[in-house]
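A look at the structure
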Amino acid sequence: MKTIFVAGHKGMVGSAIVRQLVSNPIINVITQDRSELNLLDQAAVKHFFENNNIDQVYLAAAKVGGIVANNTYPAEFIYQNLTIQNNIIHSAHLAGVNDLLFLGSSCIYPKLATQPMTEQALLTGTLEPTNEPYAIAKIAGIKMCESYNRQYGRNYRSVMPTNLYGENDNFHPENSHVIPALLRRFHEAKLNGDSKVVAWGSGKPMREFLHVDDMAAASIYVMNLNNETYKTNTQDMLSHINVGTGVDCTIRELVETVAQVVGFTGTIEFDATKPDGAPRKLMDVSRLKDLGWQYSIDLEQGLTSTYEWFLANQNNFRK
């Protein structure tokens, strides 16, 4: 029996990892609610690891938020994420845990990184200012894992996901990301009998989206790669792995697909006076493909299952 601790098990990615792990009868999954274990408390985290015979750790716990939250609370974003990472990684090491997977973010890459973004783009340019504190924390997490590998021979790996969506996403009307925001907006427009929905921007920017179940599958796959395969395809101080589809679409295509999935039959207008953001954000996933994994859930299929989950849980998303 292998004992695995999933930190951040209530989040979108952590919960998806748990769902897949618990289906394996030889795995004992350990989770801790915030009321049971404060990941910001170094002594408490150290005590937790000392008192549980843990074999593997998935570090999916993080303080996350959109542009407004990142701009408003930069101190909390850098402090809390650095502290959570430091406590878990160092305590795992002290307790003799050899296998750990750190989950990062595509925001680690420079604002003007060449598209598609390769792992080699890390630390080659200036970060996007709005989420720089969060990105700095995630970069530190990668480097912390690499440093414990170099000095102590640990097997601490890092994966960097593209834009994620799916079950347990945040559907709040003000601070959700683009896919849950669109699903909710078109759903409410359909219920209200609206004849038109206005989408922000020109619709021309291109974005990549990965279903969270694929992200969980990729995380488990990378965690359990044999050392020879992993080390052949990575570098000691450039060891993180991009996780995505390697395929992007325009925002217009995304909006039209969401409308189709929801069943909204009115017209769609794009307000080009609203900001577009970066023209393109696409991950280069050739390293992951070389390691033998690629995504399986296409966008329309993923949007359909996410909308079905939203319908089943929408009472939880009221203001």
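An unreviewed UniProt entry lists the chain under the name GDP-L-fucose synthase, with Pseudoalteromonas distincta as the source organism. Database annotation for the chain, UniProt heading Catalytic activity (unreviewed entry): "GDP-beta-L-fucose + NADP(+) = GDP-4-dehydro-alpha-D-rhamnose + NADPH + H(+)". As stated in UniProt under Sequence similarities (unreviewed entry), the record for the chain gives "Belongs to the NAD(P)-dependent epimerase/dehydratase family. Fucose synthase subfamily."

Right, let's get into the overall build of the chain. Scanning the chain from terminus to terminus reveals 11 helices and 13 strands. Scaling as 2.2 N^0.38, a compact globule of 319 residues should have a C-alpha radius of gyration of about 20 Å, and the chain matches this with 20 Å. With the C-alpha coordinates of the chain rotated into their principal frame, the extents come out at 60 × 40 × 40 Å. Taking all 319 residues of the chain together, 49% fall into the buried category. Taking the contacts inside the chain whose residues are at least 6 apart along the sequence as the reference set, 81% of them involve residues at least 24 apart.

Under the criterion given, the structure shown has 2 cavities of 30 Å³ or more. Considering only enclosed or pocket space, the largest cavity measures out at about 40 Å³ in volume. Around the largest cavity, the lining residues are Ser 106, Met 117, Thr 162, Asn 163, Glu 208, Lys 281, Leu 282 and Met 283. Each residue belonging to the lining of the largest cavity can be placed in one class, and the counts come to 3 nonpolar, 3 polar and 2 charged. Roughly 30 Å³ of volume is contained in the second largest cavity. Contributing to the lining of the second largest cavity are Gly 244, Thr 245, Val 285, Leu 288, Lys 289, Trp 293, Gln 294 and Tyr 295. Residues that form the lining of the second largest cavity fall into these classes: 4 nonpolar, 3 polar and 1 charged.

A few words on the pairing of strand S5 (residues 155-161). For S5, the buried fraction is high: 7 of the 7 residues fall into the buried class. In S5, alternate side chains face the same way, and those of Asn 155, Arg 157, Val 159 and Pro 161 on one face and Tyr 156, Ser 158 and Met 160 on the other are all buried. With 5 bridges joining them, strand S4 (residues 99-103) and S5 adopt parallel strand pairing. Across the sheet, Leu 100 pairs through a bridge with Tyr 156, a residue of S5. With respect to chirality, the unit in which S4 leads through helix H5 (residues 132-152) into the neighbouring parallel S5 is right-handed. As judged from the 3 bridges shared by S5 and strand S10 (residues 241-243), these two strands associate in the parallel manner. By the bridge assignment, Met 160 is partnered in S10 with Asn 242.

Given a rise of 1.5 Å per residue, 21 residues ought to cover 30 Å, and the 30 Å separating the end C-alpha atoms of helix H4 (residues 74-94) matches this to within 8%. Gly 96 sits one or two positions beyond H4 and adopts a positive phi of about 80°.

Before going further, it helps to spend a moment on helix H2 (residues 42-50). Regarding H2, the residues found buried are Val 45, Phe 48 and Phe 49. Viewed along the axis of H2, the buried residues span an arc of 95°, placing them on a single side of the element. Its buried side turned inward, H2 meets strand S1 (2-7), strand S2 (27-30), strand S3 (56-59) and H4. Its side-chain oxygen at 3.1 Å from the backbone nitrogen of Ala 43, Asp 41 defines the N-terminal cap of H2.

This brings us to unusual backbone geometry. Here the bond from Gln 115 into Pro 116 is cis, since omega is -10°, no more than 30 degrees from zero. By the secondary structure assignment, Pro 116 is in the loop between S4 and H5. Despite not being glycine, Leu 123 shows a phi value in the positive range, around 65°. If you trace the backbone, Leu 123 turns up in the loop between S4 and H5. Given the relative accessible area of 57%, Leu 123 is considered exposed. Its identity is not glycine, yet Asn 168 carries a phi of approximately 70°, on the positive side. Residue position: Asn 168 is located in the loop between strand S6 (163-165) and helix H6 (178-192).

Reading the values: rules and limits
- Residues numbered from 1 in each chain as written.
- Predicted model: local features only at pLDDT ≥ 70, side-chain atom pairs only at ≥ 80, totals over all residues.
- Heavy atoms only, no water.
- UniProt positions renumbered as here; feature names shortened; annotations may be inferred.
- Helix = DSSP H or I, 4+ residues; strand = E, 2+ residues; numbered from the N terminus.
- Rg over C-alpha atoms; globule rule 2.2 N^0.38 Å.
- Buried < 20%, exposed > 50% of the residue type's maximum accessible area, 1.4 Å probe, protein only.
- Contact = heavy atoms within 4.5 Å.
- 1 Å grid on protein atoms, 1.4 Å probe; cavity = no way out; pocket = protein on both sides within 12 Å on 5 of 7 lines; lining within 4 Å.
- Points joined across faces, edges and corners; volume = space filled by probe spheres on them.
- Nonpolar A, V, L, I, M, F, W, Y, C, P; charged D, E, K, R; others polar.
- Pairing = 2+ DSSP bridges.
- Right-handed = clockwise from strand over helix to strand, strands pointing away.
- Expected span 1.5 Å × (residues − 1).
- Arc of directions from axis to C-beta.
- Polar contact = N/O pair within 3.5 Å; in protein donor to acceptor, adjacent residues only side chain to side chain.

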